[in-house]
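Examination of the molecular architecture
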Amino acid sequence: KAAQEMKERLEKLLRIKLGEMALGTFHSLCARILREHAELIGYTPDFTILDEEESRELIKIISTELGISNSYSPSYLTSQISRIKSFLKPDYQVEGFIWDLRKLYDERLLRMNAMDFDDLLLNFLKLLKEYPSVRDKLERRFRYIHVDEFQDLNAPQYEILLELRKNNKEIFVVGDDDQSIYGFRNAQVRFIRQFPDDFPGSKVIKLERNYRSTQEILDLANVIISLSSSRYGKKLWTDRRGPKPFLFKASSDREESRYLARRIAELHDRGYSWGDIAILYRVNHLSRILEEGLISKGIPYKVLGGLSFYSRKEIKDILAYLRLILNPNDDVSFSRVVNTPPRGIGKSLLATLNEVARERETSLFLASLQGDEIALRVSSRSKKGLEGLREFVDVIYEAKTKLESTPISDLTSWLIDRIGYIEYLESRGDNYQERIDNVYELISAMREFQDNLGDAVESNLQVLRAFLEWSALVSSTDLDETSEDKVKLMTIHAAKGLEFPVTFLVGLEDDILPHWRSASYEELEEERRLMYVAVTRAKDLLFLTYSQKRMERGRLRDKKPSRFLEDIPPDKLQEDSFWGELSQEIRALKEESGVSQEDLKKGAERKLKRRSSSRALFSGSESFELKSGMTTSKRRAGKLSLFSSSNSWKRESEATSKRRARKKLELRVGAIVKHKEHGSGVILALSSNKAIVSFSGNILSIPTDELALKS
């Protein structure tokens with residue numbers, strides 16, 4: 001796609017048709033040339049290119065033949081082979097079983113007349129090295145070579161360039177060593193840095209003028225990246241001016257989430273569209289609590305480059321177990337997890353189970369209790385699966401018994417350990433740590449949920465039922481999915497190449513950014529570059545946040561600010577406070593960007609509408625005031641921040657009084673309400689326009705406009 005866009009731009013710029021010009025990705029160009037010379041390396045011109053899924057399937061077959069499929073997942077083995085190829089590792093540096101696997105895999109590919117993506121590069125490199133006549137022909141054919149995003153090259157790609165430029169040094173590359181953040185994809189920043197050594201006499205041109213961000217944002221970016229070593233060294237500048245980036249220190253991740261929602265709502269009132277705003281984070285599991293904060297304010301959002309928290313596979317797996325504990329007739333949940341983690345339950349056994357369920361007109365779970373009858377119908381090969389099925393049934397019954405005396409967060413921790421789910425995720429290879437973090441974040445969400453309910457429910461069964469209702473409610477977000485005018489949530493990696501008028505960079509704590517797995521010096525350097533990339537996504541406004549405490553793995557843990565924050569001089573940032581009011585220059589900056597007074601008027605109308613309809617998640621802003629331990633006078637003092645004008649304190653105080661008076665009439669968690677059909681009940685949880693209410697133990701999701709506070 002990017003190559004095609006580049007071609008179209010060149011044709012428009014040069015006002016000519018480029019025809020057969022060799023313009024494309026490394027992989028596409030290598031594939032094209034390999035088809036011209038395929039016979040030289042043992043292939044035919046019509047060789048097949050396997051995608052990642054097809055490569056995994058082939059490796060799965062071979063690993064079974066080698067007897068290692070039970071110890072390592074196809075994803076893990078595929079990533080290991082790709083890493084070996086991408087780093088051009090010699091055989092003596094490869095573990096024995098991986099070497100055996102790769103040898104068989106390569107032999108099978110050749111027999112199939114097929115290549116994977118890595119082979120396109122390696123076989124092209126082989127062609128250049130072993131057939132000098134072909135290399136010389138290509139070197140003459142490509143008199144000039146241009147390369148974009150040079151900082152993202154891996155070893156085979158760089159070696160290809162060296163081969164093609166052995167005699168002719170006409171090469172022009174564009175890249176930014178400060179934005180090399182794809183080490184996990186086997187890119188190596190050293191290639192752009194050693195370019196002048198490998199191509200003597202080359203000239204380095206620094207493009208230091210920036211057309212995106214304000215100088216204040218660039219000043220911060222320059223400070224962050226200046227401490228990185230072995231770089232070319234640039235100092236970005238621009239004519240654009242704006243406010244200094246803001247720094248907010250949250251007492252907890254819950255307060256951080258509320259702060260973001262509050263600031264975003266305020267910026268929307270001042271004329272920014274939802275789509276102008278992005279929230280960036282280092283790791284995916286941070287999105288969970290941020291999503292809840294946005295939902296509580298009725299703010300539309302979209303998670304880019306990934307799924308919303310409750311839509312992720314690992315989360316849906318655990319929730320399916322919990323739903324089955326509540327409802328053994330849930331065939332959808334049963335089918336999802338009966339063989340997750342794998343228990344040897346194959347398609348034949350599942351087909352027999354479905355047959356028994358249909359004949360007895362019962363659920364799959366209850367049909368699975370008919371072990372003797374099922375055993376008579378299945379082949380001897382399915383006997384192992386029968387043992388797995390019995391084990392699964394035992395787990396559900398054990399969990400159902402434990403639920404009577406165990407809080408749901410502890411029950412889930414037990415369940416994860418009982419079924420070996422963490423080990424299962426580890427065996428699946430790619431991104432397993434991120435998935436594990438998500439599972440522990442689910443436990444944190446449960447602990448928060450049960451703590452906020454307090455004495456509003458009488459049993460763990462009711463708490464679990466309420467949580468499952470609430471998670472389904474959050475998953476749907478109750479927001480308009482047809483509109484693309486939404487706040488964007490994404491990882492920093494997913495944001496590379498993008499830009500946003502307003503950017504929030506959250507979770508700036510050690511062990512998050514930099515990530516706890518970044519132990520080596522090179523890995524820490526890449527984490528610093530990652531923060532630099534995040535900061536330079538912002539055009540007009542940049543907000544940085546970190547939390548002093550964060551719920552991790554079901555426990556509230558103390559956190560330290562990121563070491564990258566500690567490197568920043570105080571004069572490069574302005575501190576923000578939860579109750580601070582944004583200064584008027586924020587609006588003025590946006591007006592320069594083309595927002596009319598009509599837009600600002602609409603923003604004020606949206607503000608009034610949102611205040612009248614918004615409902616707080618859990619216990620909302622009231623719980624913040626209670627938990628903060630701050631008196632009214634202390635809160636007022638806290639408002640005299642860098643955001644406040646001399647008269648803002650009075651305006652804020654009046655607004656606070658009105659808000660509290662209004663709160664008395666609003667719904668809240670734990671409030672007793674009336675419903676014309678279901679009678680009296682207790683609110684267990686709230687989103688922007690729905691409430692989960694317990695009516696004498698019957699838990700229902702009810703639109704808030706159908707509820708009234710019981711007098």
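Residues numbered from 1 in each chain as written. Predicted model: local features only at pLDDT ≥ 70, side-chain atom pairs only at ≥ 80, totals over all residues. Heavy atoms only, no water.

Another aspect to go through is the overall build of the protein. Counting its regular elements, the protein contains 31 helices and 18 strands. For the protein, the residues scored as buried account for 52% of the 711 residues in total. In the protein, 74% of the contacts between residues at least 6 apart in sequence involve partners at least 24 apart. For the protein, the accessible surface area stands at approximately 34100 Å², while carbon and sulfur atoms represent 49% of it. (Helix = DSSP H or I, 4+ residues; strand = E, 2+ residues; numbered from the N terminus. Buried < 20%, exposed > 50% of the residue type's maximum accessible area, 1.4 Å probe, protein only. Contact = heavy atoms within 4.5 Å. Areas by Shrake-Rupley, 256 points an atom, 1.4 Å probe, with all protein chains shown as cover.)

Once that is clear, we can look at the nonpolar core. Within the largest apolar cluster, 57 residues are counted, with the highest numbers of intra-cluster contacts made by Y310, L322, F334, F392, L442 and F467. Broken down by element, this core gets its largest block of residues, nine residues, from helix α22 (residues 432-453). Residues in contact with L442, not counting those within four places in the same chain, are F309, Y310, I315, I318, L319 and F467. With 35 residues, the next largest nonpolar core counts L260, I279, V506 and F578 among its residues. (Core = buried A, V, L, I, M, F, W, Y, C linked by side-chain atoms within 4.5 Å.)

Reading across from one edge, β7-β8-β6-β9-β10-β5-β13 is the order of the seven strands in this open sheet, with parallel pairing throughout. Strands with a single pairing partner mark the edges of an open sheet, and in this sheet they are β7 (301-303) and β13 (574-576). The mean inter-strand angle of the sheet, taken between neighbouring strand axes irrespective of direction, is 25°. Contacts from helix α25 (residues 521-535) reach β6 (277-281), β9 (500-505) and β10 (538-547), with the element oriented near 140° to β9. (Pairing = 2+ DSSP bridges. Axes fitted to C-alpha atoms, helices over the stretch in contact; angles between N-to-C directions.)

Here we take up the packing of aromatic side chains. Under the definition given, this model contains 18 aromatic pairs. Centre to centre, the rings of Y72 and Y76 are 5.5 Å apart; their planes meet at 15°, and the pair counts as stacked. A relative accessible area of 24% places Y76 in the partly exposed class. Each member of the aromatic cluster is reached from another via a ring pair, and the members are F150, Y158, F191, F195 and F199. A cation over a ring is seen here: R35 above F47, with NZ or CZ 4.0 Å from the ring centre. Above the plane of the ring of W516 lies R517, whose end atom (NZ or CZ) is 5.9 Å from the centre. (Phe/Tyr/Trp six-rings, centres within 6.5 Å; stacked < 30°, edge-to-face > 60°. Lys NZ or Arg CZ within 6 Å of the ring centre and 35° of its normal.)

A separate point is the confidence of the model for the protein. Taken as a whole, the protein shows an average pLDDT of 81; of its residues, 82% reach a score of 70 or greater. Low confidence marks residues 477-483, where pLDDT is under 50. Its contacts with residues over four positions away, or in another chain, come to 16 contacts. Every residue in residues 590-597 scores below 50 in pLDDT, and together they form 10 contacts with partners more than four places removed in sequence or on other chains. (pLDDT = per-residue confidence, 0-100.)

Before going further, it helps to spend a moment on a nonpolar patch on the surface. Together, F172, V174, I205 and L207 line one region of the surface with nonpolar side chains, adding up to about 420 Å² of accessible area. If you trace the backbone, F172 turns up in strand β4 (residues 171-173). (Patch = residues over 30% accessible without salt bridge, like charges linked within 9 Å, V, L, I, M, F, W, Y side chains within 5 Å. Salt bridge = Lys/Arg side-chain N within 4 Å of Asp/Glu carboxyl O.)

By secondary structure assignment, the location of T401 is in helix α19 (residues 383-402). The class of T401 is exposed, set by a relative accessible area of 52%. Separated by 76 residues in the primary sequence, T401 and I325 have C-alpha atoms spaced 9.4 Å apart.

Right, let's get into the pattern of salt bridges. Applying the stated criterion across every chain yields a total of 47 salt bridges. K166 serves as the salt-bridge partner of E163, at 3.7 Å between the closest nitrogen and oxygen. In this structure E163 comes out as buried when scored by relative accessible area, which is 6%. Close ionic contact of R263 with D576 constitutes a salt bridge, the shortest N to O distance being 2.9 Å. A residue pair is termed long-range when its members are at least 10 positions apart, and R263 in helix α12 (residues 253-269) and D576 in strand β13 qualify at 313 residues.

A few words on the packing of helix α6 (residues 117-130) against helix α8 (residues 155-164). Running from N to C, α6 and α8 point in directions that differ by 25°, and their axes come no closer than 10 Å. With respect to each other, α6 and α8 are oriented roughly parallel. Where α6 crosses over α8, the handedness of that crossing is left-handed. The segment α6 lies against α8, with L121, L122, F124, L125, L128 and K129 engaging P156, Q157, E159, I160, E163 and L164. In terms of residue class, the contact of α6 with α8 is made up of eight nonpolar, one polar and three charged. (Parallel < 35°, antiparallel > 145°, perpendicular 65-115°, else oblique. Left-handed = near helix turned anticlockwise from the far one by under 90°. Nonpolar A, V, L, I, M, F, W, Y, C, P; charged D, E, K, R; others polar.)

It is worth spelling out a negative patch on the surface at this point. Residues D51, E52, E53, E54 and E57 make up a contiguous surface patch of negative charge. Checked against the element boundaries, E54 lands in helix α3 (residues 52-66). The exposure class assigned to E54 is partly exposed, which follows from its relative accessible area of 39%. (Lys, Arg positive; Asp, Glu negative; His and termini not counted. Charge placed at Lys NZ, Arg CZ, Asp CG, Glu CD.)

Its location among the elements puts L121 in helix α6. Taking C-alpha positions, L121 is 6.8 Å from Q157, a pair spaced 36 residues apart along the chain. Apart from the residues lying within four places of it in its own chain, the contact partners of L121 are F26, H27, C30, N154, P156, Q157 and I160.

Here we take up the packing of α12 against helix α13 (residues 287-296). At a closest axis distance of 8 Å, the pairing of α12 and α13 adopts a crossing angle of 45°. Regarding the angle of α12 to α13, the classification is oblique. Crossing handedness for the pair α12 and α13: right-handed. Mapping the contact onto sequence places D253, R254, S257, L260, A261 and I264 in α12 and R288, I289, L290, E292, G293 and L294 in α13. For the contact of α12 with α13, the per-class residue count stands at six nonpolar, two polar and four charged.

With 14 residues, α6 extends 20 Å from end C-alpha to end C-alpha; this agrees with the ideal 20 Å at 1.5 Å per step. Burial analysis of α6 places 10 of its 14 residues in the buried class, the great majority of the element. Among all positions in α6, only D118, D119, L120, L121, L122, N123, F124, L125, L127 and L128 are buried. You can read the cap of α6 off the contacts: a side-chain oxygen lies 3.1 Å from the backbone nitrogen of D118, and it is on D116. (Expected span 1.5 Å × (residues − 1). Polar contact = N/O pair within 3.5 Å; in protein donor to acceptor, adjacent residues only side chain to side chain.)

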